[in-house]
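One letter stands for each residue in the lines below.
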Amino acid sequence: GQNIDQPTEMTATEGAIVQINCTYQTSGFNGLFWYQQHAGEAPTFLSYNVLDGLEEKGRFSSFLSRSKGYSYLLLKELQMKDSASYLCAVRVNTNAGKSTFGDGTTLTVKP
Amino acid sequence: DTGVSQNPRHKITKRGQNVTFRCDPISEHNRLYWYRQTLGQGPEFLTYFQNEAQLEKSRLLSDRFSAERPKGSFSTLEIQRTEQGDSAMYLCASSTGTGFHEQFFGPGTRLTVL
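What counts as what
- Residues numbered from 1 in each chain as written.
- Chains lettered and ligands numbered in written order.
- Predicted model: local features only at pLDDT ≥ 70, side-chain atom pairs only at ≥ 80, totals over all residues.
- Heavy atoms only, no water.
- Helix = DSSP H or I, 4+ residues; strand = E, 2+ residues; numbered from the N terminus.
- Buried < 20%, exposed > 50% of the residue type's maximum accessible area, 1.4 Å probe, protein only.
- Contact = heavy atoms within 4.5 Å.
- Buried area = accessible area lost by both parts, 1.4 Å probe.
- Salt bridge = Lys/Arg side-chain N within 4 Å of Asp/Glu carboxyl O.
- Polar contact = N/O pair within 3.5 Å; in protein donor to acceptor, adjacent residues only side chain to side chain.
- Nonpolar A, V, L, I, M, F, W, Y, C, P; charged D, E, K, R; others polar.
- pLDDT = per-residue confidence, 0-100.
- Pairing = 2+ DSSP bridges.
- Axes fitted to C-alpha atoms, helices over the stretch in contact; angles between N-to-C directions.

## Quick notes on unusual backbone geometry
Residues and elements named next belong to chain B.
Here's step 1: A cis amide bond links asparagine 7 with the next residue in sequence, proline 8, at an omega value of -10 degrees.
Here's step 2: Examined against the element boundaries, proline 8 turns out to sit in the loop between strand 1 (5-7) and strand 2 (10-13).
Here's step 3: The phi torsion at asparagine 51 lies on the positive side, around 55 degrees, for a residue other than glycine.
Here's step 4: You will see that arginine 81, though not glycine, has its phi angle at about 50 degrees, which is positive.
Here's step 5: In this fold, arginine 81 is placed in the loop between strand 8 (75-79) and strand 9 (88-95).
Here's step 6: The exposure class assigned to arginine 81 is partly exposed, which follows from its relative accessible area of 47%.

Structural data, given as structure tokens:
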């Protein structure tokens, strides 16, 4: 199986930068996803990394180090609407395409 | 709206009853997934279809759970003899067979077993 660890909760201030870490232990790694989930809503896709390095997409960036089993999601210029749960998910089987999710990090953005 | 849809959105049932949920994926997506999510946890994989074939089923899924995707389009998830521990949000997601397979989730069906 896969072990995926994320901090349970984080708090940050509007306009600031926050980094949400994710570590994983798995064999046959084939990609890491970040999803955003607002309370009571379905997860929505944010980013995907399969090679080492940084992927930037607007205010959100995601980094991956496969050798360390480590990823982070970086959120810049935080807005109140960024308050949500952020889920790290690892894919290990290309044919199935299924992802194993961490329990999520609940981010609270304060004014 | 061409996103993933799920029905019903909410279901309250008594212990021991059977329930069935429906998922309509994005039309061009051939892959369909069912997940279960409880408060404070991430989505937990239940089963996966590629077209009409059920290719993987979680060993966590007891014999009371069954899923079908008869024509490779919509899917149904049935829970027989529901238990209080089945109370959760049931999420359906779909993806294409190309690219990096990001999954598009439906709004979920919240099941409460009394």
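## Some remarks on the interface of chain A and chain B
Here's step 1: Taken together, the contact between chain A and chain B spans 18 residues of the former and 20 residues of the latter.
Here's step 2: In this assembly, chain A packs against chain B so that about 1,600 Å² is buried in total across both faces, 53% of it on carbon and sulfur atoms.
Here's step 3: Taken together, the connections running from chain A to chain B amount to zero salt bridges.
Here's step 4: The interface formed by chain A and chain B includes three residue pairs in polar contact (both at pLDDT 80 or more).
Here's step 5: Counting only elements with at least two residues in the side of chain A that touches chain B, the list comes to strand 4 (32-37), strand 5 (44-49), strand 9 (84-91) and strand 10 (99-101) of chain A.
Here's step 6: When residues of the side of chain A that touches chain B are assigned to their parent elements, the largest contribution, three residues, is made by strand 4 of chain A.
Here's step 7: A breakdown of the residues in the side of chain A that touches chain B according to their chemical character gives nine nonpolar, six polar and three charged.

## Side note on the confidence of the model for chain B
Here's step 1: Put simply, chain B has an average pLDDT of 92, and 98% of its residues get 70 or more.
Here's step 2: Confidence scores differ between elements of chain B, with strand 6 (residues 53-57) of chain B showing the lowest mean pLDDT of 88 and strand 3 (residues 19-24) of chain B the highest of 98.

## Re the sheet that holds strand 7 (residues 60-65) of chain A
All names here are of chain A.
Here's step 1: Overall, antiparallel pairing links the five strands, which are arranged 1-3-8-7-6 in an open sheet. Strands with a single pairing partner mark the edges of an open sheet, and in this sheet they are strand 1 (3-5) and strand 6 (53-57). The sheet shows a mean angle of 15 degrees between the axes of neighbouring strands, taken without regard to direction.
Here's step 2: Sheet topology note: the strand 1/strand 3 (residues 18-25) ladder contains three bridges and is antiparallel.

## Details of the pairing of strand 6 of chain A
Residue and element names in this part refer to chain A.
Here's step 1: Pairing geometry for strand 6 and strand 7, over five bridges, is antiparallel. Counterpart to glycine 53 in the pairing with strand 7 is leucine 64.
Here's step 2: In this structure, the hairpin formed by strand 6 and strand 7 is closed by a connection of two residues, where glycine 58 is found at a positive phi of approximately 65 degrees.

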